[in-house]
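What follows is each chain in one-letter form.
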Amino acid sequence: FFRDRLPLPLSLPRIALQMAEAERPPAYPGKSPYAMLPVEDCVAAVLRHVGGPLEVSALPLAESRGRLLASDIRAPAPVPPFPACIMDGFAVRSTDGPGRFPVDIVAGATAGASPSGPLLAGHLRYVTTGAPLPEGADAVVKVEDSKEVWVDGVLLIDIGVASKPGANIRKVGSDTAQGEVVLRRGSRIGPGEIGVLAALGFASVEVHRRPVVAIFSTGDELVDVSAAATRDERRGQIVDCNRPMLLALVEEAGAEAVDLGIVCDEPGSLRQQLLAALQSADIVVTSGGVSRGSRDHMKPLLEELGQVHFGEMCMKPGKPTTFATVPSPSPTAHSGERHRLAFALPGNPVSCFVTFKLLVVPALEQMLGRPSGSATYARVDAEIAGPIEMDPVRPEYHRALARWSDGKIVAESTGFQRSSRIASVAGTNCFLEIPKRAGVLPKGTIVKALMLPSGGACSGGLWPDPGGYPKQQVLAATETQASSCSPDASLASCSARQVIGIVAVGAEGDAVVEDLCASLRASADFAGLELLTRRCAQAAAVQVCGAVTDLTSGLGPQGPQRCALVLVVSALGLGSADAAVISALQALLVQGEAANVADLARRAGLSRTPLAMLAPIVAGVRNGCLVVTVPAVAASECAVSVLP
């Protein structure tokens with residue numbers, strides 16, 4: 001059958017050749033096989049595999065600065081341990097009142113001197129700041145309220161004021177009670193904490209071991225900075241700036257850095273160096289070799305040696321970042337049986353910097369003893385000093401310099417944000433969280449900013465609250481379902497939802513508020529949800545827009561707390577008055593409308609009643625807050641649909 005249909009004798013070999021070519025692997029890598037995961041999913045995957053803090057050891061107090069406490073510190077004794085004088089003056093009996101009194105002991109009672117016995121009746125005694133209060137005295141008159149008088153060669157003191165019992169005295173334990181927790185487990189030890197520990201008598205303190213982080217760069221084109229003058233630009237050689245930067249970042253985070261140099265883009269060399277790093281390090285951080293080039297070998301190498309948990313992140317910069325866990329090749333005294341963490345960061349230096357801050361630092365914080373559930377960076381509202389172009393596919397962590405100006409935080413971009421432009425990280429003290437969306441954020445827009453204090457995460461500046469980075473729901477999760485990040489994802493997912501505002505318009509809106517609040521609390525998948533309600537008696541543009549402005553400008557009843565989501569619940573229809581309200585709301589959405597969110601809410605409303613089709617639904621962003629109008633006839637369905 002086949003022989004009759006083959007036109008040439010060479011057809012069979014030709015078919016075999018075609019089949020072999022079809023089975024041949026591609027000459028150049030194609031599309032990545034990894035799903036592009038949201039940053040929240042990626043950091044959750046990292047923290048799930050950290051394994052908790054490292055082992056505990058005692059460290060001399062003088063060497064403890066920058067470390068995290070392994071246990072609570074309780075006061076072993078009250079402070080002060082005796083009634084102490086607050087200021088220089090005279091110890092008196094308060095019942096003696098004002099008058100002229102002799103000094104019972106001219107030398108007085110000074111701090112550090114030997115005890116001088118009880119105070120004689122009808123006398124007073126000179127005391128210095130910090131000295132024990134003499135027995136029998138119950139108050140101290142400051143020296144400014146006294147006057148020396150000599151009568152017949154006898155020193156007398158005029159006291160011109162009455163004293164209450166306990167005046168100018170520190171009672172036993174009034175500073176710190178015995179057994180009181182003074183410092184909490186996970187607290188970072190700074191100069192102030194060292195002073196506290198010394199005051200309590202702790203010459204040493206228990207801390208967690210510093211993680212060992214091995215660093216090496218990959219790339220045939222790289223030369224060490226010491227050989228910068230000899231690089232051959234004709235071959236495309238460049239100076240390796242990632243490795244010095246990563247070594248500094250590791251030390252800044254409080255870990256111990258090990259420099260393993262530069263490795264060429266050859267699988268055997270990379271494998272040998274990676275295995276050597278895994279022998280002794282808790283974490284291995286590499287830069288380069290993670291994209292889709294023909295010389296990018298880190299991903300398959302990590303797949304061979306361990307398990308890759310993600311290979312692409314939905315963010316700018318840093319998309320090809322890879323995280324894996326590798327079994328311990330040979331457990332050591334300090335690492336035990338813990339698996340190793342491997343971070344293969346992109347070769348572009350800005351991507352390397354940003355992903356280290358967002359992924360590696362939270363892991364190091366947990367190893368050093370930061371309690372699980374604690375955020376690494378404070379997340380604050382910041383006004384951008386100039387326009388910022390957005391990306392329609394990936395959210396961006398825009399490098400900026402934040403400053404306090406006219407009662408608010410103003411963030412100025414560090415300039416051109418290309419991932420190869422290392423100058424954009426110089427001076428950076430925050431990352432602006434720019435949502436994925438087409439268009440430009442105008443100057444003055446309020447966005448979220450992650451504050452990056454120098455000297456290590458949380459070593460100074462603002463203390464992260466549950467709204468910080470990583471988000472509370474990420475930290476609390478024990479298992480997160482990874483989901484790919486597509487360009488069509490709702491804008492609502494770009495914002496943290498800790499506070500939700502509700503504007504109830506008219507009797508119809510007011511009537512459904514209670515049920516709406518119950519639905520939101522039942523459907524929210526994060527802790528700490530707070531609902532703020534504003535009521536407008538009628539559908540008037542001034543009232544409705546005023547309420548929305550309050551909720552999106554941080555005017556909460558307990559002080560500044562701007563909502564991340566504002567729901568306007570009403571029975572707005574197609575009338576001219578209703579159209580005026582909708583038009584005014586649209587004018588408020590200075591950062592643009594979110595048509596996909598409005599469509600999502602409309603579809604959810606129609607699942608409840610076809611009457612939802614008659615309600616105008618508008619969604620958009622103001623001051624970084626998502627604002628959505630929802631019809632009263634399907635308020636719960638529409639509202640729940642736009643929750644993350």
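Think of each chain on its own: its residues are numbered from 1, step by step along the sequence as written. Confidence filtering applies because this is a predicted model: local features only for residues at pLDDT of at least 70, side-chain atom pairs given and counted only at 80 or more, and all residues used for totals across whole chains, interfaces and linings. No hydrogens and no water enter the side-chain calculation; it runs on all heavy atoms of the structure.

Visitor: Explain the overall build of the protein chain here, please?
Guide: Strands here mean DSSP runs of E at least two residues long; helices mean DSSP runs of H or I at least four residues long; both are numbered from the N terminus. Counting its secondary structure elements, the protein chain contains 14 helices and 34 strands. Buried positions account for 48% of the 644 residues belonging to the protein chain. Any two residues having at least one pair of non-hydrogen atoms within 4.5 Å are treated as being in contact. When contacts within the protein chain are restricted to residue pairs at least 6 apart in sequence, those whose partners lie at least 24 apart make up 75%. Only the protein chains shown count as covering a residue, and every accessible area follows the Shrake-Rupley method with a 1.4 Å probe. On the protein chain, roughly 29,600 Å² of surface is accessible, and the fraction owed to carbon and sulfur atoms is 55%. Burial status follows relative accessibility: with a 1.4 Å probe on protein chains alone, a residue under 20% of its type maximum counts as buried, one over 50% as exposed, and anything between as partly exposed.

Visitor: Just checking my understanding: could you explain the nonpolar core for this structure?
Guide: Taken as a class, soluble globular proteins show a tendency for nonpolar side chains to be buried jointly. Here, the term nonpolar core denotes a set of buried Ala, Val, Leu, Ile, Met, Phe, Trp, Tyr and Cys residues that are joined through side-chain atoms within 4.5 Å. Core analysis: the largest hydrophobic core is formed by 46 residues, its most contacted members being V285, F310, F343 and F356. For this core, the element with the most residues is helix α8 (residues 349-368), which contributes 12 residues. Apart from residues lying up to four places away in sequence, F310 is in contact with L37, C42, A45, V46, T321, T322, F323 and L359. L520, V621, A632 and C638 belong to the second largest nonpolar core, which has 30 residues in total.

Visitor: Just checking my understanding: could you explain the confidence of the model for the protein chain for this structure?
Guide: Where the model shows low pLDDT, its predicted coordinates should not be examined in detail. Per-residue pLDDT for the protein chain averages 85, and the proportion of residues at 70 or more is 85%. Counting contacts from residues 456-460, a segment whose pLDDT is below 50, to residues more than four positions away or on other chains yields 19 contacts. pLDDT is a per-residue confidence score from the predictor, ranging from 0 to 100. Throughout residues 555-560 the model reports pLDDT below 50, and contacts reaching past four residues in sequence, or to other chains, amount to 8 contacts.

Visitor: What should I look at first to understand the pattern of salt bridges in this one?
Guide: Close approach of charged atoms allows side chains with opposite charge to pair. Note on definitions: salt bridges are taken to be side-chain nitrogens of Lys or Arg within 4 Å of carboxyl oxygens of Asp or Glu. Taken as a whole and judged by the stated rule, the model has 25 salt bridges. With a closest N to O distance of 2.6 Å, R125 and D104 form a salt bridge. On the criterion of sequence distance, the pair formed by R125 in strand β6 (residues 125-127) and D104 in the loop between β5 (99-102) and β6 is long-range, its members being 21 residues apart. Side by side, R125 and D104 carry an identical accessibility label, which is buried. Across the salt bridge formed by R379 and E433, the nearest N and O atoms sit 2.8 Å from each other. Of this pair, R379 sits in strand β21 (residues 379-384) while E433 is found in strand β25 (residues 430-434), placing the two residues 54 residues apart along the sequence. Here R379 matches E433 in class, with each residue buried. When salt bridges with common partners are traced through the structure, they connect D224, D240, R243 and D259 into a single cluster.

Visitor: I'm lost on helix α12 (residues 576-588) in this one. Help?
Guide: In an α-helix, one turn spans 3.6 residues; hence positions three or four apart end up facing the same way. Helices are assigned an expected span. That span is 1.5 Å times one less than the residue count. The first and last C-alpha atoms of α12 sit 19 Å apart over 13 residues, in line with the 18 Å expected at 1.5 Å per residue. Taken together, the buried positions of α12 are D578, V581, I582, L585 and L588. What you see down the axis of α12 is that its buried residues fit within an arc of 115°, all on one side. In α12, the exposed positions angled more than 90 degrees off the buried face are occupied by S576 and A587. Buried residues in α12 make contact with α11 (541-552), β33 (619-622) and β34 (625-631). This arc is taken over the directions from the axis of the helix to the C-beta atoms.

Visitor: Please explain the packing of α11 against α12 as it appears in this structure.
Guide: A pair of packed helices can be characterised by two numbers: the angle between their axes and the separation between those axes. Orientation is described by axes fitted as lines to C-alpha atoms, over the contacting stretch for helices, and by angles from 0 to 180 degrees between their N-to-C directions. Look at α11 against α12: their axes get within 9 Å of each other, and the N-to-C directions meet at 30°. On the basis of the axis angle, α11 is roughly parallel to α12. The chirality of how α11 crosses α12 is right-handed. Counting all contacts with α11, which are made through A541, V544, C545, V548 and T549, the residues of α12 involved are A580, V581, A584, L585 and L588. Three categories are distinguished: nonpolar for Ala, Val, Leu, Ile, Met, Phe, Trp, Tyr, Cys and Pro, charged for Asp, Glu, Lys and Arg, and polar for the others, with Gly belonging to the last. Classifying every residue of the contact of α11 with α12 by side-chain character gives 9 nonpolar, 1 polar and no charged. Angular relationships are summarised with four words: roughly parallel below 35 degrees, roughly antiparallel beyond 145, roughly perpendicular across 65 to 115, and oblique for the angles in between. Helix crossings get a hand from a simple test, with the near helix turned counterclockwise from the far one by less than a right angle marking a left-handed crossing and a clockwise turn marking a right-handed one.

Visitor: Teacher, can you tell me more about the environment of L305 here?
Guide: Checked against the element boundaries, L305 lands in helix α7 (residues 298-305). A relative accessible area of 17% places L305 in the buried class. Placed 22 residues apart in sequence, L305 and P327 show a C-alpha to C-alpha distance of 8.0 Å.

Visitor: What am I meant to see in the pairing of strand β4 (residues 89-92) here?
Guide: A regular strand places its side chains so that they alternate between the two faces of the sheet. Taken together, the 4 bridges between β4 and strand β7 (residues 139-142) define a ladder with antiparallel strand orientation. Across the sheet, residue V92 finds its bridge partner in β7, namely A139. Whether two strands pair depends on DSSP finding at least two bridges between them. The sheet contact formed by β4 and β6 spans 3 bridges and is antiparallel. Note on β6: the bridge partner recorded for G89 is V127.

Visitor: I'm lost on the packing of aromatic side chains in this one. Help?
Guide: Both the distance between ring centres and the angle between the ring planes are used here to describe each pair of aromatic rings. The pairing test for Phe, Tyr and Trp rings, Trp by its six-membered ring, is centres within 6.5 Å, and the orientation test on the planes gives stacked under 30 degrees, edge-to-face over 60, and tilted for anything in between. Considering all chains together, one arrives at 5 aromatic pairs under this definition. When the ring of Y377 is compared with that of Y469, the centres are 6.1 Å apart and the planes differ by 25°; the resulting orientation is stacked. Of the two residues, Y377 is situated in the loop between α8 and β21 and Y469 in the loop between β27 (446-451) and α9 (472-476); the sequence distance between them amounts to 92 residues. No difference in accessibility class separates Y377 from Y469, as the two residues are buried. Through successive ring pairs, a cluster of aromatic residues spans F310, F323 and F343.

Visitor: What exactly am I supposed to notice about the sheet that holds β4 here?
Guide: By definition, the strands of a sheet pair up through backbone hydrogen bonds, in either a parallel or an antiparallel sense. The antiparallel open sheet is built from 3 strands, whose spatial order is β6-β4-β7. Strand pairing shows two members of the sheet lacking a second neighbour, β6 and β7, which therefore form its edges. Within the sheet, the average angular offset between the axes of one strand and its neighbour, ignoring direction, is 40°.

Visitor: When you look at unusual backbone geometry in this model, what are you seeing that I'm missing?
Guide: In most cases, non-glycine residues show a negative phi, while peptide bonds are predominantly trans. Here the bond from V79 into P80 is cis, since omega is -5°, no more than 30 degrees from zero. Here P80 lies in the loop between β2 (73-74) and β3 (84-85). One non-glycine residue, D152, lies in the positive phi region at around 55°. Mapped onto the fold, D152 is located in the loop between β8 (146-151) and β9 (154-159). Non-glycine residue N168 carries a positive phi angle of around 60°. Tracing the sequence through the fold places N168 in the loop between β9 and β10 (169-170). With a relative accessible area of 25%, N168 lands in the partly exposed category.

Visitor: What exactly am I supposed to notice about α11 here?
Guide: For α11, spanning 12 residues, the distance from its first C-alpha to its last is 16 Å, which sits close to the expected 16 Å at 1.5 Å a residue. Residues V544, C545, A547, V548, L551 and T552 constitute the buried set of α11. Along the axis of α11, the buried residues cluster in a sector spanning 155°; they form a single face. Each element contacted by the buried residues of α11 is listed here: β28 (499-505), β29 (530-536), β32 (565-570), α12, β33 and β34.

Visitor: I would appreciate a short explanation of the side chain of S287 in the present structure.
Guide: Examined against the element boundaries, S287 turns out to sit in strand β17 (residues 283-287). We classify S287 as buried; its relative accessible area is 2%. For S287, the contacting residues outside a window of four places in its chain are F216, S217, T218, N242, L246, L345, P346, G347 and C352.

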